[in-house]
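Single-letter residue listing:
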Amino acid sequence: MGLVDSEMETLIRSDYAEGFVTQIESDTLPPGLDESVIRTISSRKQEPEWMLEKRLAAYQFWLNMQEPDWATIRHPPIDFNGISYYSSPKKKPQLDSLDEVDPELLATYEKLGIPLEEQKALAGVAVDAVFDSVSVATTFRESLSEAGVIFCSMSEAIREYPSLVQQYMGTVVPHKDNFFAALNSAVFSDGTFVYIPRGVKCPMELSTYFRINEANTGQFERTLIIAEEGSQVSYLEGCTAPMRDENQLHAAVVELVALEDARIKYSTVQNWYPGDNQGRGGIYNFVTKRGDCRGDRSRISWTQVETGSAVTWKYPSCILRGKNSVGEFYSVAVTKGLQQADTGTKMIHIGENSHSTIVSKGISAMQGSNAYRGLVRVAAKAENARNHTQCDSLLIGDQCAAHTFPYIEVKNPTARVEHEATTSKVSEDQLFYCRQRGLTEENAVSMIVNGFCKEVFNELPMEFAVEAQKLLAVSLEGAVG
Amino acid sequence: MLSIKNLKASVDGKAILNGIDLEVNAGEVHAIMGPNGSGKSTLAHILSGRDGYTVNDGEVHYLGQNLLDLETEARAHRGIFLAMQYPVELPGVNNMTFLRESMNAIRKARGEAEIDAVSFMKQVRHRAKQVKLDEKLLKRSVNTGFSGGEKKRNEILQMMMLEPQLAILDETDSGLDIDALRTVADGVNLLRSPDRALIVVTHYQRLLDYIEPDFVHVLASGRVIRSGGKALALELEEKGYEWLQEGAVA
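Okay, so let's go over this structure.

Across its full length, chain B carries 10 helices and 12 strands. Here chain B has a C-alpha radius of gyration of 18 Å; the compact-globule value for 250 residues is 18 Å, and the two agree. Overall size of chain B, expressed as C-alpha extent along the three principal axes, is 60 × 40 × 35 Å. Per-residue burial for chain B yields a buried fraction of 53% across its 250 residues.

Below, the structure is given as structure tokens:
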């Protein structure tokens, strides 16, 4: 095993390929947080008074909150006054055409392999790129607007569609929900707003790429997706960030609302800078994602592939309020080096005959620590609720850790809740078998790991599935033996 | 093709092979027999490059190269194939994808072009029929939930597809009923050719009723204690291993 471990070590250590910094002038607030900062953010974004009030209320509430400490993650204390809460590219372009976008920004996206050009149209993907805090380019607005779909930045939505934003924002994740949600509600910079009208099937996959670029800039995304009765939408979110020495805090809030017979599919591939081999740098990712299956027969599906960040704290959840509503959670979380992930989901069954499925695949390599934390709650009124949870951990090497924390609360005797959990290792027998068939150790590992994650990858839109597989291969390069 | 001289090897300090000598030429089929613990499987593992064995002495040359210097996958690239006694399950890894990746890895290492999807499919269907492997199993995960017989058929399928120079079958007959044994043997016989060598490791003589060896070697305590023709296997069947082991001591 000794030899195997050192081989594994070299295999795992692959440099972060997305580490570069774009030279672009920024308009950045000095670090620190108080009411005046919030007023500045709000006024720079030309927000209406009601939005400012919402922010201030959240801020006041946050001031009296404690950072949560129950997750199996360890990190130095976060200095919330050491962070700048606003950064926007100075040359703010008009959104009409890509030609007006700063070429430096476009070059950055090129390096990341994000084609903002028309090829995306052929691929059927519209892109709303978020660079630091301000959306700089939006494409395919027209074909979307023909269908009546609203797909724009949150700032724009606040100005252009205030009644929709007021009606729904904070109804799924209120600012009182948790520490990071409160912080986000106070200082959120920008994000994405999606509205699918009644009966409309969104004509293309919606996709956003996030990128944190400014040193010391916290990024606080705010996303709201509303699917009206009988509508359908699939939203893809992909993230990478350049290499940085200091830890960067990311505390996003995502709210999904599915009305009667509506379907929302939300997929994430997250590849933020995980920090170096000593654990320096890396993104702290504290995210609150929640979907509300408000209408009968509505369905919300979360799929996530988490390979980046130094610390991940994330529980995309479903509130199954509608009768016969369906919630799904498919997750692959990879931790290597000193990465830590505490992730899982919450399925809250309130409606009759509501069903939920949880498939969680945790992969730990080197000294990585991976925890699945999942809550399945069946309320007293939820007749015939059903949940199936499958929670598998794969260990690579003998210094990593996997934890499983299932919480099950059932208040209705007709409920059926199943929990299956397995822990396995990439075995020497498997590696020998593959190598004897001519595969390198690296390919063998990548194949075995991809096999392990297959059920989740199958849930991703095709384009993302390929990307996710590649990402996994890159993440685990040098990870095994 | 393969030349083993005075091979001595141990596991965790325990000597398993105590000086093996063996010459295998292209076109030959060698049977290696012997009681449990005689070192048959260890020999197969060392030849195919499995970790965990220490070679203490001796040499192994394969196609003019020092075999022991080569990585496991490099040996596969040079045409060594081991049909395993206990084929491993690879959950979630599609059987056909695995086989294709394997073929292409080997082709790539040899500087050959990858096999195109159409001819691959044709070939794999044809070979699956020959080893009577249900086509459904091609679409499942590698060996996952396969019966013992299905796993062995799958090994032979892989062997036929990869067309090795030197195929080593490690107790491929164990756990097979007579029909499966016959099918597996038929597959192996199809591969017999003047430029290919086979080493069949087995405990029982019955496999050799179907795969007729040119040479039979009997291993005991990590040594070849007797070599002969096909008749030796029959003699063993009749008299058991003790007869030879006693002879060796005497």
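There is more to say after this.
Moving on to the overall build of chain A. Check the secondary structure of chain A and you find 12 helices and 23 strands. Expressed as a percentage of the 481 residues in chain A, the buried residues total 62%. Nonlocal contacts in chain A, meaning residues at least 24 apart in sequence, comprise 85% of its contacts between residues at least 6 apart. Here chain A displays about 17800 Å² of accessible surface, and carbon together with sulfur accounts for 48% of that area.

Another aspect to go through is the environment of A:Asn443. All names here are of chain A. On the secondary structure map, Asn 443 appears in helix H11 (residues 441-457). Asn 443 sits in the partly exposed class, given a relative accessible area of 41%. The spatial distance from the C-alpha of Asn 443 to the C-alpha of Gly 295 is 45 Å, given a sequence separation of 148 residues.

If you walk through the whole model with that rule in mind, you get 29 salt bridges over all chains. Note that A:Arg435 is salt-bridged to A:Glu441, the shortest N-O span being 3.8 Å. For A:Glu441, a relative accessible area of 10% translates into the label buried. Bridged by salt links that share partners, the residues A:Arg435, A:Glu441, B:Glu71 and B:Glu73 form one connected network.

This paragraph deals with the sheet that holds strand S1 (residues 2-11) of chain B. Residues and elements named next belong to chain B. Pairing is antiparallel in the open sheet, where 4 strands are placed in the order S2-S1-S4-S5. The open sheet is flanked by strand S2 (14-24) and strand S5 (65-66), the only strands paired with a single partner. Here S1 runs beside S2; their pairing, made up of 8 bridges, is antiparallel. Among the inter-strand pairings, Leu 7 is bridged to a residue of S2, identified as Ile 20. Docked against the sheet, helix H1 (residues 40-48) engages S1, S2 and strand S4 (54-62), running at close to 110° with respect to S1.

For any pair of aromatic rings, the description rests on two quantities: the centre-to-centre distance and the angle between the ring planes. Overall, the coordinates contain 17 aromatic pairs over all chains when judged by the stated rule. Summarising the aromatic geometry, the rings of A:Phe80 and A:Phe179 are spaced 5.4 Å apart at their centres and angled 70° between planes, so their arrangement reads as edge-to-face. You can see A:Phe80 sitting in the loop between helix H3 (49-63) and strand S2 (87-89) and its partner A:Phe179 sitting in helix H9 (residues 179-187), a full 99 residues away along the chain. There is no split in this pair, since A:Phe80 and A:Phe179 are both buried. Between A:Phe179 and A:Phe180, the ring centres sit 5.1 Å apart and the planes meet at 85°, which makes this aromatic pair edge-to-face. Residue A:Phe180 is classed as buried on the basis of its relative accessible area, which comes to 1%. Each member of the aromatic cluster is reached from another via a ring pair, and the members are A:Tyr59, A:Trp62, A:Trp70, A:Phe80, A:Phe179, A:Phe180, A:Tyr284, A:Phe286, A:Trp313 and A:Tyr315. Its guanidinium or amino end placed over the ring of A:Phe188, A:Arg222 lies 6.0 Å from that ring's centre, counting from NZ or CZ. The ring of B:Phe120 is capped by B:Arg100, whose NZ or CZ atom sits 5.9 Å from the centre of that ring.

So, about unusual backbone geometry. Residues and elements named next belong to chain A. Here Gln 46, not a glycine, exhibits a phi torsion of approximately 50°, which is positive. Relative to the elements of secondary structure, Gln 46 occurs in the loop between helix H2 (35-44) and H3. Overall, Gln 46 belongs to the exposed group, its relative accessible area being 56%. Despite not being glycine, Arg 297 shows a phi value in the positive range, around 60°. If you trace the backbone, Arg 297 turns up in the loop between strand S13 (283-293) and strand S14 (299-306).

A few words on H2(A). For the α-helix, the turn length of 3.6 residues means that residues three or four positions removed from each other point alike. All names here are of chain A. Buried residues of H2: Val 37, Ile 38, Ile 41 and Ser 42, and no others. Considered in projection along H2, the buried side chains sweep an arc of 135° and stay on one side of the axis. Structurally, H2 contributes buried residues whose contacts are with H3 and H9. Remark: Gln 46 follows H2 within two positions and exhibits a positive phi of approximately 50°.

Listed as interface residues are 34 residues of chain B and, on the opposing side, 19 residues of chain A. For the pair chain B and chain A, the summed buried area comes to about 2100 Å², and 60% of that belongs to carbon and sulfur atoms. For the pair chain B and chain A, the number of links is 4 salt bridges. Listed by contribution, the elements that provide at least two residues to the side of chain B that touches chain A are H1, helix H2 (72-77), strand S6 (80-83), strand S7 (90-94), helix H3 (95-109) and helix H6 (148-162) of chain B. Examining the composition of the side of chain B that touches chain A, we find that 6 residues originate from one element, H3(B), more than from any other.

Side chains of a nonpolar character, in soluble globular proteins, are inclined to be buried together. Ranked by internal contacts, the top residues of the largest apolar core, which has 68 residues, are A:Ile363 and B:Leu2. The element best represented in this core is H11(A), accounting for 9 residues. Residue contacts for B:Leu2: discarding those within four places in its chain leaves B:Leu22, B:Glu23, B:Val24, B:Leu47, B:Val60, B:His61, B:Tyr62, B:Leu67, B:Leu166 and B:Ile199.

Residue and element names in this part refer to chain B. Across the sheet, 6 strands lie side by side as S6-S9-S10-S3-S11-S12; this open sheet has mixed pairing. Only two strands of the sheet have a single neighbouring strand rather than two, namely S6 and strand S12 (223-228). Going across the sheet, the axis of each strand differs from the next one's by a mean of 20°, ignoring polarity. Note that strand S9 (residues 166-170) and strand S10 (residues 197-202) share 5 bridges and pair parallel. Across the sheet, Leu 166 pairs through a bridge with Ala 197, a residue of S10.

Let's shift gears to the packing of H3(B) against helix H4 (residues 117-130) of chain B. Residue and element names in this part refer to chain B. Relative orientation of the contacting elements H3 and H4 amounts to 115°, with a least axis distance of 12 Å. Here H3 runs over H4; the crossing is right-handed. Contacts between H3 and H4 involve Met 96, Leu 99, Arg 100 and Met 103 from the former and Ala 117, Phe 120, Met 121, Gln 123 and Val 124 from the latter. A breakdown of the residues in the contact of H3 with H4 according to their chemical character gives 7 nonpolar, 1 polar and 1 charged.

Parameters at a glance
Residues numbered from 1 in each chain as written. Chains lettered and ligands numbered in written order. Predicted model: local features only at pLDDT ≥ 70, side-chain atom pairs only at ≥ 80, totals over all residues. Heavy atoms only, no water. Helix = DSSP H or I, 4+ residues; strand = E, 2+ residues; numbered from the N terminus. Rg over C-alpha atoms; globule rule 2.2 N^0.38 Å. Buried < 20%, exposed > 50% of the residue type's maximum accessible area, 1.4 Å probe, protein only. Contact = heavy atoms within 4.5 Å. Areas by Shrake-Rupley, 256 points an atom, 1.4 Å probe, with all protein chains shown as cover. Salt bridge = Lys/Arg side-chain N within 4 Å of Asp/Glu carboxyl O. Pairing = 2+ DSSP bridges. Axes fitted to C-alpha atoms, helices over the stretch in contact; angles between N-to-C directions. Phe/Tyr/Trp six-rings, centres within 6.5 Å; stacked < 30°, edge-to-face > 60°. Lys NZ or Arg CZ within 6 Å of the ring centre and 35° of its normal. Arc of directions from axis to C-beta. Buried area = accessible area lost by both parts, 1.4 Å probe. Core = buried A, V, L, I, M, F, W, Y, C linked by side-chain atoms within 4.5 Å. Left-handed = near helix turned anticlockwise from the far one by under 90°. Nonpolar A, V, L, I, M, F, W, Y, C, P; charged D, E, K, R; others polar.

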